[in-house]
Amino acid sequence: MAPELNLDDIQSRLNIRFRDVSLLQRALTHRSYINEHPENVIEDNERLEFLGDAVLEFITGEWLYNRFPELKEGRLTRLRSALVRTEALAALGAQCSLGDALLLGHGEEETGGRQREANLCCGFEAFIGALYLDQGMDAVRQFVFPLFEPALNQILATDADAHPKSMLQEWSQAHLNLTPSYHVVQISGPDHLREFTVEVVIGSEVYGRGIGNSKKVATRQAAWAAWQRITASEEGN
């Protein structure tokens, strides 16, 4: 076991005790660590990330279905998407201090890998996958639902489940008779961990900028930043 990874401390912090701690170690092992430590016979967390993503999709849909019996399918889908999108899960990963616990290669750590949104999201999903394999779906529910409750309240309070691109386009066409355009202004990071920076422009003015591990995520972030700017300006008038 890698000496820098204190599994007892992590489990105590999260109030969870794994039966098979190797699952927890794998969930916290980034691909870059394997690349730099091929002598360690361990697997990275990408397969657990895949499993955790599916588990989270299911239990989130189940939770929302039972929580809001009056909501239509479309709104339930938007709420689920808002709860499990990359930036939301990355925030939960940071809340659980998973960034501090990740096993990273030297290069990844030196370039801010512990705070990188994609790593935090991946680590959280992998942790959920590991917990599911170790203790089953009920244990995942008990861990996740208390985290989702304040996140859901924030989403409902700010209408964060709305589609920012659609809202921005409707506002722009109604008020300026213009359609927003989105431009990738920067791509950084290694091939397996790209980070995109997108700007949304209306007319000749940049209204917002977003960063994400895909063009889609960065575009949504840019639209949301622009929408927040517009609403803040209108509230100030």
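It should be noted that the structure appears before, not after, this text.
**A look at the packing of helix H9 (residues 117-135) against helix H10 (residues 137-158)**
Their axes nearest at 7 Å, the elements H9 and H10 cross at an angle of 145°. Across from Phe124, Phe127, Ile128, Leu131, Tyr132 and Gln135 in H9, the residues of H10 making contact are Met137, Ala139, Val140, Phe143, Val144 and Leu147. The class makeup of the residues in the contact of H9 with H10 is 11 nonpolar, 1 polar and no charged.

**Examining the side chain of Arg141**
Structurally, Arg141 can be placed in helix H10. Within the structure, the side chain of Arg141 is placed 2.8 Å from the side chain of Glu62, a separation counted as a polar contact. Here the side chain of Arg141 touches Asp138 through a polar contact of 2.8 Å, side chain to side chain. Those residues in contact with Arg141 that lie beyond four places of it in its chain are Phe58, Ile59, Glu62 and Pro146.

**Quick word on H9**
A rise of 1.5 Å per residue sets the reference length of H9, with its 19 residues, at 27 Å; its end C-alpha atoms lie 27 Å apart and thus fit the reference within 8%. Burial analysis of H9 places 15 of its 19 residues in the buried class, which makes it a mostly covered element. Looking one or two places after H9, you find Gly136, whose phi comes out positive at around 95°.

**Regarding the sheet that holds strand S3 (residues 205-212)**
The 3 strands are arranged S1-S2-S3 in an open sheet whose pairing can be described as antiparallel. One side of each edge strand has no neighbouring strand; the edge strands of this open sheet are strand S1 (181-188) and S3. The average undirected angle you get between the axes of adjacent strands in this sheet is 20°. Alignment of strand S2 (residues 195-202) against S3, held across 7 bridges, turns out to be antiparallel. Looking across to S3, one finds that Val200 is bridged to Gly208.

**Focus: the side chain of Glu87**
Here Glu87 shows up in helix H6 (residues 86-95). What Glu87 contacts, discounting residues up to four positions off in sequence, is Glu117, Val217, Arg220 and Gln221.

**Describing the nonpolar core**
Ranked by internal contacts, the top residues of the largest apolar core, which has 46 residues, are Phe124, Phe127, Ile128, Phe143 and Val144. Secondary-structure elements contributing two or more residues to this core are helix H1 (7-14), helix H2 (21-27), helix H4 (46-67), helix H5 (73-84), H6, helix H7 (98-101), H9 and H10. Membership of the second largest hydrophobic core comes to 16 residues, among which are Ala162, Leu168, Tyr207 and Trp224.

**Quick look at the pairing of S1**
Alignment of S1 against S2, held across 7 bridges, turns out to be antiparallel. Opposite His183, over in S2, you have Glu199 as the bridge partner. Counted along the chain from S1 to the antiparallel partner S2, the turn is 6 residues long, and its residue Gly189 has a positive phi close to 90°.

Parameters and conventions
- Residues numbered from 1 in each chain as written.
- Predicted model: local features only at pLDDT ≥ 70, side-chain atom pairs only at ≥ 80, totals over all residues.
- Heavy atoms only, no water.
- Axes fitted to C-alpha atoms, helices over the stretch in contact; angles between N-to-C directions.
- Helix = DSSP H or I, 4+ residues; strand = E, 2+ residues; numbered from the N terminus.
- Contact = heavy atoms within 4.5 Å.
- Nonpolar A, V, L, I, M, F, W, Y, C, P; charged D, E, K, R; others polar.
- Polar contact = N/O pair within 3.5 Å; in protein donor to acceptor, adjacent residues only side chain to side chain.
- Expected span 1.5 Å × (residues − 1).
- Buried < 20%, exposed > 50% of the residue type's maximum accessible area, 1.4 Å probe, protein only.
- Pairing = 2+ DSSP bridges.
- Core = buried A, V, L, I, M, F, W, Y, C linked by side-chain atoms within 4.5 Å.

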